[in-house]
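# Overview (structure and organization)
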Amino acid sequence: EPEVTQTPSHQVTQMGQEVILRCVPISNHLYFYWYRQILGQKVEFLVSFYNNEISEKSEIFDDQFSVERPDGSNFTLKIRSTKLEDSAMYFCASRANRYDRTSGGAGGLDTQYFGPGTRLTVL
Amino acid sequence: SQQGEEDPQALSIQEGENATMNCSYKTSINNLQWYRQNSGRGLVHLILIRSNEREKHSGRLRVTLDTSKKSSSLLITASRAADTASYFCATDAARSWGKLQFGAGTQVVVTP
């Protein structure tokens, strides 16, 4: 079964530095998401992306964050100036077009498939 | 408002027993999804139940959904040590772009 991949698996950075987290969503999926999970806490939605633009974002997703789909396969999350509180596991997810019956995974069209995550440590 | 709150927070059972965990939510949903997470690892999708469905099965998993009570349950039958993990429900709210709202999860420990 196709899967979402993320790189790197672990990123260590100094406070104030820029980081770019990379994701390759499942081919033919059209909806892309970033979530994060601070250690010991629940998974939190950051942003959704569809048709080359942000469709929804949370309060966490402030001006320090940006997303981009630079080519047909990658989906990136950039944090411009990292803070200590940005330390978390960042998950990318993708979902098929709800109405496209040819590109859904085994779980169905609405299923969001998550990548293995990037653990970001800000020192 | 909080969505997808699970209970219990932790569950300890022996192999062969059934594990049941519940999830409550507050707003109208398109669907509700259950995920498993092994310690420090990624989220593995288990099962999705749509708002017009009441029950769904997948292998040893059984999920129910009661939209009138805004609640769902996940039952794992004949549990195994490998089922030890955290289990999360996540709601896909109506009229959203698929944003999932996760609960705090139920930590399940299955002892041999």
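Scroll up a little and you will see the structure.
Residues numbered from 1 in each chain as written. Chains lettered and ligands numbered in written order. Predicted model: local features only at pLDDT ≥ 70, side-chain atom pairs only at ≥ 80, totals over all residues. Heavy atoms only, no water.

### Section: the interface of chain A and chain B
- If you look at the interface, chain A gives 25 residues, while chain B gives 24 residues.
- Carbon and sulfur atoms supply 52% of the area that chain A and chain B bury against each other, a total of about 1,800 Å² over both sides.
- It is Lys 42, Asp 110 and Phe 114 of chain A that lose the most area in chain A upon contact with chain B, and together they represent 27% of the buried surface on that side.
- Joining chain A to chain B, the criterion identifies two salt bridges.
- The shortest N-O distance in the salt bridge between Glu 56 of chain A and Lys 99 of chain B comes to 3.3 Å.
- Connecting chain A to chain B are nine residue pairs in polar contact (both at pLDDT 80 or more).
- Listed by contribution, the elements that provide at least two residues to the side of chain A that touches chain B are β4 (31–37), β5 (43–50), β6 (53–57) and β9 (88–95) of chain A.
- When its residues are assigned to classes, the side of chain A that touches chain B shows 11 nonpolar, eight polar and six charged. (Contact = heavy atoms within 4.5 Å. Buried area = accessible area lost by both parts, 1.4 Å probe. Salt bridge = Lys/Arg side-chain N within 4 Å of Asp/Glu carboxyl O. Polar contact = N/O pair within 3.5 Å; in protein donor to acceptor, adjacent residues only side chain to side chain. Helix = DSSP H or I, 4+ residues; strand = E, 2+ residues; numbered from the N terminus. Nonpolar A, V, L, I, M, F, W, Y, C, P; charged D, E, K, R; others polar.)

### A closer look at the sheet that holds strand β8 (residues 71–76) of chain B
Residues and elements named next belong to chain B.
- The strand order across the open sheet formed by five strands is β1-β3-β8-β7-β6, and the pairing between neighbours is antiparallel. Edge strands, defined here as strands with exactly one partner in the open sheet, are β1 (5–7) and β6 (55–58). Within this sheet the neighbouring strands show an average axis-to-axis angle of 20°, counted without direction.
- Relative to β8, strand β7 (residues 61–66) is paired through six bridges, and the arrangement is antiparallel. Each bridged residue has a counterpart across the sheet, and for Val 63 the counterpart in β8 is Leu 74. (Pairing = 2+ DSSP bridges. Axes fitted to C-alpha atoms, helices over the stretch in contact; angles between N-to-C directions.)

### Comments concerning the pairing of β7 of chain B
Residues and elements named next belong to chain B.
- Sheet topology places β6 next to β7; four bridges connect them, and they run antiparallel. What sits directly across from Glu 55, in β7, is Thr 64.
- Linking β6 to β7, which pair antiparallel, is a turn of two residues; within it Gly 59 sits at a positive phi near 60°.
- The turn joining β7 and β8, which pair antiparallel and follow one another in sequence, is formed by four residues; a positive phi near 50° is taken by Lys 70.

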